[in-house]
Amino acid sequence: MHWMQELDAALFRFVNLTLINPVFDVVMPFASHNALFGPLLVLAVVLLVWKGRARGVLCVLMLALILPLGDGLVCNNVKHAIARPRPYAVLPDVHRPGSSAGSDRMAPPLPSQQGPTAPTPLPQASLTSMPSAHAANWFAATMILLIYYRRSVRFMLPAAILVSFSRIYNGVHYPSDVLVGAVLGAGYAAAAVWSLNALWQS
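First, a word on what this report is: a plain description of the structure on this page. (Residues numbered from 1 in each chain as written. Predicted model: local features only at pLDDT ≥ 70, side-chain atom pairs only at ≥ 80, totals over all residues. Heavy atoms only, no water.)

## Examining the packing of aromatic side chains
This is how the line gets drawn: Pairing of aromatic rings covers Phe, Tyr and Trp, the last through its six-membered ring, and needs centres within 6.5 Å; plane angles under 30 degrees mean stacked, over 60 mean edge-to-face, and all others mean tilted. Helix and strand definitions here come from DSSP, where helices need a minimum of 4 consecutive H or I residues and strands a minimum of 2 consecutive E residues; each element is numbered from the N-terminal end. Whether a residue is buried, partly exposed or exposed follows from its accessible area with a 1.4 Å probe, protein chains only, as a fraction of its type maximum: under 20%, in between, or over 50%, in that order.
Applying the stated criterion across every chain, the model contains four aromatic pairs. A centroid spacing of 5.5 Å and a plane angle of 55° characterise the contact between Phe12 and Tyr174, whose relative ring orientation is tilted. Of the two residues, Phe12 sits in helix α1 (residues 2-18) while Tyr174 sits in the loop between α6 (153-169) and α7 (175-201), which places them 162 residues apart along the sequence. The buried category is assigned to Phe12, whose relative accessible area is 0%.

Below is the structure:
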């Protein structure tokens, strides 16, 4: 297991430090959090309901039901169970573009720099890293839209990959956090749609 953690940290360092460039420093924070997401989401919902009719309404209902439940019940519970700190909370010199703190060096003192008797509190929910809720939500939405609209994968999958990659570049998740989030989100989304459809038809 130790070699897997070292590989995860090495991959994180490659994305977060080796790939630093001015373009990514603008694009990646925007991909993770931007003011356009809300209006675009409302527009997408309106178009799905208007153009898709019954199928569009069903797709929107699945999205509205599965995404909040998956985030709140699945992702949050797994985060609490694993309680893995975010990279910037334990690693030095983590690059954090767009951070409100205005500094790329966000890590606290390393354990060796603290007193030998200093307690190690469990991280708060907002500081836990595994899995990435962003990746889970985007891949869950991608899976739901794929089930109802196959062609949606042409833009949803690249968007999900971009957002997931941005979480690593922005210094808030390890690659394994993103991978687990993506698999988890796609998995529970597919299972939920199948279960709800089977329940509806029974």
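## Topic: the environment of Pro97
Structurally, Pro97 can be placed in the loop between α4 (87-90) and α5 (133-148). Here the alpha-carbon distance between Pro97 and Phe30, two residues 67 residues apart in the chain, equals 10.0 Å.

## Considerations on the pattern of salt bridges
Counted only if it meets this: What makes a salt bridge here is a side-chain nitrogen of Lys or Arg within 4 Å of a carboxyl oxygen of Asp or Glu, nothing more.
All chains considered together, the criterion is met by two salt bridges. A salt bridge links Asp177 to Arg84; its shortest N-O distance comes to 2.9 Å. One end of the pair, Asp177, is in helix α7; the other, Arg84, is in the loop between α3 (37-82) and α4, and 93 residues separate them in sequence. Here the residues in one salt-bridge network are Asp8, Arg84 and Asp177, joined through shared partners.

## Some words on the side chain of Ser152
The condition is simple: Throughout, a contact is declared for two residues whenever any of their heavy atoms are within 4.5 Å.
Mapped onto the secondary structure, Ser152 falls in the loop between α5 and α6. For Ser152, a relative accessible area of 5% gives the class buried. Discounting residues that sit within four places of it in the chain, Ser152 has contacts with Leu145 and Leu146.

## Focus on α5
Think of an α-helix as turning once every 3.6 residues; residues three or four places apart then point the same way. Put simply, the rule is: In this scheme, a helix's expected span is set at 1.5 Å multiplied by one less than its residue total.
The terminal C-alpha atoms of α5, which comprises 16 residues, lie 23 Å apart, in line with the 22 Å expected from a rise of 1.5 Å per residue. Elements that come into contact with the buried residues of α5 comprise α3, α6 and α7.

## Quick notes on unusual backbone geometry
The step from Met130 to Pro131 runs through a cis peptide bond, and the omega angle for that step is 0°. Looking at where Pro131 falls in the secondary structure, it is placed in the loop between α4 and α5. Of note in the backbone geometry, Ala83 takes a positive phi value of approximately 50° without being a glycine. One can find Ala83 in the loop between α3 and α4.

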